[in-house]
Amino acid sequence: MTKGSSGATDQADIAALPFERALAELEQIVARLERGDVALEESLAIYERGEALKAHCEALLKRAEQRIEKITLSSDGRATGTEPLDVET
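Treat the numbers as computed from the prediction; the structure is a model and nothing was measured. (Residues numbered from 1 in each chain as written. Predicted model: local features only at pLDDT ≥ 70, side-chain atom pairs only at ≥ 80, totals over all residues. Heavy atoms only, no water.)

## Re the pairing of strand β1 (residues 69-73)
- Of the pairings in the sheet, the one linking β1 to strand β2 (residues 79-84) comprises 5 bridges and is antiparallel in character. Residue pairing for β2: Leu73 is matched across the bridge by Ala79.
- Between β1 and β2, which follow one another and run antiparallel, lie 5 residues, and Gly77 among them has a positive phi close to 90 degrees. (Pairing = 2+ DSSP bridges. Helix = DSSP H or I, 4+ residues; strand = E, 2+ residues; numbered from the N terminus.)

Following this line, the structure appears as structure tokens:
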């Protein structure tokens, strides 16, 4: 996390994170907040960063889902092609 940086800098920092690192940081934030040993101002700041990390992870997952294709099969079970995966939103 970047202490004392502006919101715009934080957003750019978050946008550059790969999914795994963003999720790991989000998990660390949740653990810190659950422990309850963080000062109020810092709690608010890391909560806001957590919200941004959550949105970033959701966007990355959505893009990954859009890239997945389902294999279509003929009546005898042979692959005939692909079609977009029908994902619930």
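The rest of the description comes next.
## Digging into the nonpolar core
- Counting 10 residues, the largest nonpolar core is built from Ile14, Leu17, Ala22, Leu26, Ile29, Val38, Ile46, Ala52, Leu53 and Cys57.
- Listed by contribution, the elements that provide at least two residues to this core are α2 (19-35) and α3 (40-67).
- At 4 residues, the largest contribution of residues to this core is made by α3.
- When residues no more than four places from it in sequence are discounted, the contact partners of Ile14 are Arg49, Ala52, Leu53 and His56. (Core = buried A, V, L, I, M, F, W, Y, C linked by side-chain atoms within 4.5 Å. Buried < 20%, exposed > 50% of the residue type's maximum accessible area, 1.4 Å probe, protein only. Contact = heavy atoms within 4.5 Å.)

## Some details on α2
- The terminal C-alpha atoms of α2 lie 24 Å apart, and with 17 residues this matches the ideal 24 Å at 1.5 Å per residue to within 8%.
- By the burial criterion, the buried members of α2 are Ala22, Glu25, Leu26 and Ile29. When α2 is viewed along its axis, its buried side chains cluster within an angular range of 105 degrees and face the same direction. Turned more than 90 degrees away from the buried face of α2, the exposed residues are Glu20, Glu27, Gln28, Glu34 and Arg35.
- Here the buried face of α2 lies against α3.
- The first or second residue beyond α2 is Gly36, which carries a positive phi of 75 degrees. (Expected span 1.5 Å × (residues − 1). Arc of directions from axis to C-beta.)

## Quick notes on the confidence of the model for the chain
- When the pLDDT values of the chain are averaged, the result is 86; 88% of them are 70 or greater.
- Between the elements of the chain, mean pLDDT differs from a low of 77, seen in β1, to a high of 97, seen in α2.
- Long-range and interchain partners of residues 1-5, a stretch whose pLDDT sits below 50, account for 10 contacts in this model, where long-range means more than four residues apart. (pLDDT = per-residue confidence, 0-100.)

## Focus on the packing of α2 against α3
- Close contact between α2 and α3 brings their axes to 9 Å; oriented N to C, the two are set at 145 degrees. The hand of the α2/α3 crossing is left-handed. Contacts between α2 and α3 pair Phe19, Ala22, Leu23, Glu25, Leu26, Ile29, Arg32 and Leu33 from the former with Glu42, Ser43, Ile46, Tyr47, Arg49, Gly50, Leu53, Lys54, His56, Cys57, Leu60 and Leu61 from the latter.
- Residues that form the contact of α2 with α3 fall into these classes: 12 nonpolar, 3 polar and 5 charged. (Axes fitted to C-alpha atoms, helices over the stretch in contact; angles between N-to-C directions. Left-handed = near helix turned anticlockwise from the far one by under 90°. Nonpolar A, V, L, I, M, F, W, Y, C, P; charged D, E, K, R; others polar.)

## Remarks on the side chain of Ser43
- Of note, Ser43 is situated in helix α3.
- A polar atom in the side chain of Ser43 sits 3.3 Å from the backbone oxygen of Val38.
- Excluding residues that lie within four positions of it along the chain, Ser43 makes contacts with Leu33 and Val38. (Polar contact = N/O pair within 3.5 Å; in protein donor to acceptor, adjacent residues only side chain to side chain.)

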